[in-house]
Amino acid sequence: MSIAESPLLGPMRKSMGNFTVYSLNGMTIVRSKAFSHKDAKTEKQLIMRARMSQLAETYRTFSSILCLGFPENSVGKSPQNMLVSANFSTAFEMVDEKPVISYPQLLVAKGSLPEVKILEAVIDVEGIILRYDADLFPDDKVATDEMIACALLKSGELLIARQFRGYEAIGTILLKYPALQPGDVACCYVFTRSGDGKKTSNSVFVEVK
């Protein structure tokens, strides 16, 4: 907005081009309107927009897990930024010429700790039982590491379980949900988080049977 006091132009009002002119308290006020811009919609741009839209929805779905899964190199970055960085190029498959999130390729955690080795994933009357290799070798695995598991149900509900790794050779973690059926599960992930919360492993997609 500007105030015009031009003896050359004299009094002005209404619009011309992208300017709107009117008088207020004896002054001539000039406002500029944004030029209309062409909304480019090339195939590449539409695909990129679709990916960003789906990652935004993924963030809303997994937000309570994502705040735990991306602690490394995160200064000045939000969990949503980290999610996009980790998945934008790799977590999609094309379905009917449109990008769709591929759950087996999606990372809900990314870091430098060794990935969790899942030995078994089954559903029983209590919920999803995950058995994992809890061997403390190599040295960057410790008993106070936290094991974090989550499962997204097709209903939209997100199950979460957290516990210490412990000292047993084979660990078990339960995502509690009585009367759960295999067809109810959209996806399931497990990752490790250090006791001080500064490091994680990459998340591992788990096929639940």
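The structure under discussion appears in the preceding block.
Residues numbered from 1 in each chain as written. Predicted model: local features only at pLDDT ≥ 70, side-chain atom pairs only at ≥ 80, totals over all residues. Heavy atoms only, no water.

Help me out: how do you make sense of the pattern of salt bridges in this one?
Note on pairing: side chains with opposite charge can pair once their charged atoms come close. One pass over the structure, following the stated rule, counts 5 salt bridges. Ionic pairing is found between aspartate 145 and arginine 165, a salt bridge with its closest N-O pair at 3.8 Å. Taken together, the positions of aspartate 145 in the loop between strand 8 (127–133) and strand 9 (146–153) and arginine 165 in the loop between strand 10 (158–164) and strand 11 (170–176) put the pair 20 residues apart, joining distant regions of the chain. For the pair aspartate 145 and arginine 165, a shared accessibility class is recorded, and that class is buried. Glutamate 146 is paired through a salt bridge with arginine 162; the nearest N and O atoms lie 2.6 Å apart. Taken together, the residues glutamate 146 in strand 9 and arginine 162 in strand 10 connect sequence positions 16 residues apart. (Salt bridge = Lys/Arg side-chain N within 4 Å of Asp/Glu carboxyl O. Helix = DSSP H or I, 4+ residues; strand = E, 2+ residues; numbered from the N terminus. Buried < 20%, exposed > 50% of the residue type's maximum accessible area, 1.4 Å probe, protein only.)

Honestly, the pairing of strand 10 in this entry has me stumped. Any pointers?
Sheet faces and side chains relate simply in a regular strand, where the side chains alternate between the two faces. Where strand 9 lies against strand 10, 7 bridges are found, and the strand directions are antiparallel. Within the sheet, the bridge partner assigned to alanine 151 lies in strand 10 and is leucine 159. Hairpin connection from strand 9 to strand 10: 4 residues lie between these consecutive antiparallel strands, with glycine 156 at a positive phi of about 100°. (Pairing = 2+ DSSP bridges.)

How should the pairing of strand 7 (residues 118–123) be read in this particular structure?
The pairing of strand 7 with strand 8 spans 5 bridges and is classified as antiparallel. Paired with glutamate 120 across the bridge in strand 8 is arginine 131. Linkage of strand 7 to strand 8, two consecutive antiparallel strands, is achieved through a turn of 3 residues.

How should I be thinking about the sheet that holds strand 7 in this particular structure?
Two strands in a sheet stick together by hydrogen bonds in their backbones, pointing the same way (parallel) or opposite ways (antiparallel). If you trace the 3 strands from one edge of the open sheet to the other, you get 7-8-11, paired in antiparallel fashion. At either margin of the open sheet sits one strand with a lone partner, and together these are strand 7 and strand 11. For this sheet, the mean angle separating the axes of adjacent strands, direction not counted, is 15°. (Axes fitted to C-alpha atoms, helices over the stretch in contact; angles between N-to-C directions.)

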